[in-house]
Amino acid sequence: MGRLALAGAALAALCAQSAAGAAFAAQPKAAVEGTLKADLKAKIIEAIGDSDRPMTSRFEARRRAREAADNAEAVLRSEGYYAGEVEPTVTDTEPSQPKVTVKTGRRFKIADPQITWVDTPPGEVVQQAAEAVMGLADGQTGRAADVLSAEGRIVAAVQKRGYADVYAAPRTVVVDHADRTVRPDFKIAAGDLVHLGELSLQGSSKTDPAWIRKLAPWSPGEVYDPADVGDLERRLLDTGVYDSVTVALAPRDQTDAGGLRPVILSLSDRADRRLELGASYSTSEGAGGDARWTRYNELHRGDTTSIFTRASTLDSRIGVDLSLPHWRRARQTLKSSAFVYQQLTAAFQETGIGANADLTQKFERTSYMSLGASLDYSRTRAVTAGSLARLGSSQITAALLGTLAWDQSDDPLDPKRGWRLEARLEPTVISGSSSLPYLKAQSQASAYFPFDPKGRTVLAGRLKIGSILGGTMPDVPASRRFYAGGGGSVRGYTYQAIGPQYADNTPQGGLGLAEFSAELRQKIGQNWGLVGFVDGGSVGASQIPDGKNLGFGAGIGMRYDLGFGPIRVDLAVPLNPRSNDPSFQIYLSIGQSF
């Protein structure tokens, strides 16, 4: 518990430092007076800005007041108050302080918004699409930002429909003080309709050009769509074998005799080989080391081949894997692996050789569907009912795998809002001294609820359930059962510590699993964060989670934002420990716990 006190002391020191800094916080450059709506006043104050320099003279106060008045007038116009009045003054105090008095007047309204086509107008359908996305209607508030946004939407809509060279000429906006209206007239030069030609490859990549051309989401002669050009760039970057990828439409003067514009693709390969080394340590899972030797693009189609090895207290293995991105269709990856392994856990000891392959179709950045198959030959030593000696058995395990992951959160490493859902089905057949078919099913959901728009305070929750259908204890091998406890499960307990145990405290595992986690995440300052959490889990011999053998853990954690995600340090204690459970556990990782 001394480590918990140390973390609390560090947090107190950080808060004290923040409080000390607040005493010298910058002050607004000028006070804002007048009868104003709260949101408008906040925007004016933000536009005026702060100053950390004290006032030195009445002349300096007047200068700041005039600058503040200019900023306030800009905000009024941007919000549709074109007849507003702003008076800069200074106080009679010593030293003098700048202030602005704001009178908004009545808001101006949009009237008769128009699109004027420069030179040759586009097709009628494109003109109608531009009118539809303009989004300005008679009578709505004449905000400057809305006018600018409307122009951007018009240009994007025209470009989306094949007019790659479209641009906005200087617009005309008439502000009529007589009837308090804003009349925008957008001048749009559409240019010519563009039809796409062949890919023009540049750079020294060893990738097969024929494979790259199959990735292009268009055929020569199709109308230009910026989304297609961007999609090809994303598909190539997703392979992970290139240092840089640039896809751009060729200049107008490179249009060929058939009226087609080529698309220029520039590729730069990453280094052919890469060696990665890693190490880890956990109070519950022991020490470990990893090494991976990777070769890129050996088959000239964006592929990755790796030889990997891992040595650790719990899981050691060596093998090779191959990844073929965009296999037979875009965003579909075929991965295959072959390996030998040894697992030495408190519940079982297993040595084996295996191979697997899976086909993954991505929907979004972190949402996908995967189908796969695996085949293992292993020898397992585990405690069985009626015997506290570890008995060995050999078996062949064949399994299919189906996974669906749907991620609607806002960040893969530090989510602040949204939700995630993952479901897995594993039909399995085990052949050894006897045959056993069963279905292993599990699902996990998590959700994130921010308390403020920036997500500085977030309530996060996780629920996981699992069931092995068609199997019985102890027929399902120990290595295939459910276990709970440890990082990523129930913090505060050692690996596999929750659930039924034999008389010698060996984890028995089970056919049903239920886990939950709740976290309150609080950002402190720019980079630091504090987390309080509670975890719970249950493993039982019945196929449906029955809530027996429940274990609860709780603790606190510190986060430090590295820019791409937080580094995580958690200190957890078991709330209902057994006699053989440790008093606390420490976890270190990258990213939030879920």
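Preceding block: the structure.
Below you will find a few notes about this structure. Computed from a predicted model, the values in this text were never measured in an experiment. (Residues numbered from 1 in each chain as written. Predicted model: local features only at pLDDT ≥ 70, side-chain atom pairs only at ≥ 80, totals over all residues. Heavy atoms only, no water.)

Before going further, it helps to examine the packing of helix α4 (residues 124-134) against helix α5 (residues 144-160). Their axes nearest at 8 Å, the elements α4 and α5 cross at an angle of 150°. On the basis of their axis angle, the class for α4 and α5 is roughly antiparallel. In this structure, the crossing between α4 and α5 has a hand that is right-handed. Packed against α4, whose contacting residues are V126, A129, A130, V133 and M134, the element α5 presents A150, R153, I154, A157 and V158 at the interface. (Axes fitted to C-alpha atoms, helices over the stretch in contact; angles between N-to-C directions. Helix = DSSP H or I, 4+ residues; strand = E, 2+ residues; numbered from the N terminus. Parallel < 35°, antiparallel > 145°, perpendicular 65-115°, else oblique. Left-handed = near helix turned anticlockwise from the far one by under 90°. Contact = heavy atoms within 4.5 Å.)

This part is about unusual backbone geometry. Backbone geometry follows two general trends: most residues other than glycine have a negative phi, and most peptide bonds adopt the trans configuration. Here E94 and P95 are connected by a cis peptide whose omega angle stands at 0°. Within the chain, Q496 stands out as a residue other than glycine whose phi angle is a positive 70°.

Turning our attention to the nonpolar core. Counting residues in each nonpolar core, the largest one holds 21 residues, and the members touching the most others are L199, L236 and L265. When residues of this core are traced back to their parent elements, those giving at least two are β10 (195-203), α6 (209-215), α7 (226-238), β11 (242-249) and β12 (260-269). Those residues in contact with L199 that lie beyond four places of it in its chain are I212, R213, A216, W218, L232, V263 and L265. With 20 residues, the next largest nonpolar core counts F108, Y163, V166 and V182 among its residues. (Core = buried A, V, L, I, M, F, W, Y, C linked by side-chain atoms within 4.5 Å. Buried < 20%, exposed > 50% of the residue type's maximum accessible area, 1.4 Å probe, protein only.)

With that out of the way, let us pick up the packing of aromatic side chains. This structure, assessed with the given rule, holds 7 aromatic pairs. Ring geometry for W528 against Y560: centres 5.0 Å apart, planes inclined by 65°, an arrangement best described as edge-to-face. Of this pair, W528 sits in strand β25 (residues 528-540) while Y560 sits in strand β26 (residues 551-561), and the two are 32 residues apart along the sequence. Just above the ring of W327 sits the side chain of R328; from NZ or CZ to the centre is 5.5 Å. Above the face of the F482 ring, K440 is positioned so that its terminal group lies 4.8 Å from the ring centre. (Phe/Tyr/Trp six-rings, centres within 6.5 Å; stacked < 30°, edge-to-face > 60°. Lys NZ or Arg CZ within 6 Å of the ring centre and 35° of its normal.)

Glancing now at α4. Along α4, the residues that are buried comprise V126, Q127, A129, A130 and M134. One face of α4 carries all of its buried residues, which in axial projection span an arc of 160°. Exposed side chains of α4 directed beyond 90 degrees from the buried face belong to E124, V125 and A132. For α4, the secondary structure elements touched by its buried residues are β7 (114-117), α5 and β9 (181-189). Remark: G135 follows α4 within two positions and exhibits a positive phi of approximately 70°. (Arc of directions from axis to C-beta.)

Here we come to the environment of G105. Summarising the element assignment, G105 is placed in the loop between β5 (98-103) and β6 (109-110). A residue is classified by how much of its surface remains accessible, and G105, at 45% relative accessible area, is partly exposed. Each C-alpha atom, one on G105 and one on L76, is 9.6 Å from the other, the two residues being 29 residues apart in sequence.

So, about the pattern of salt bridges. Per the stated rule, a full pass over the model turns up 36 salt bridges. Residue D146 pairs with R143 through a salt bridge whose shortest N-O separation is 3.7 Å. A relative accessible area of 27% means that R143 is categorised as partly exposed. For K160, the salt bridge identified is with D225, shortest N-O distance 2.9 Å. You can see K160 sitting in helix α5 and its partner D225 sitting in the loop between α6 and α7, a full 65 residues away along the chain. Exposure remark for K160: the relative accessible area of 39% places this residue in the partly exposed category. Among the residues examined, D225 registers a relative accessible area of 15% and is labelled buried. (Salt bridge = Lys/Arg side-chain N within 4 Å of Asp/Glu carboxyl O.)

Keep in mind these numbers describe shape, not what the thing actually does.
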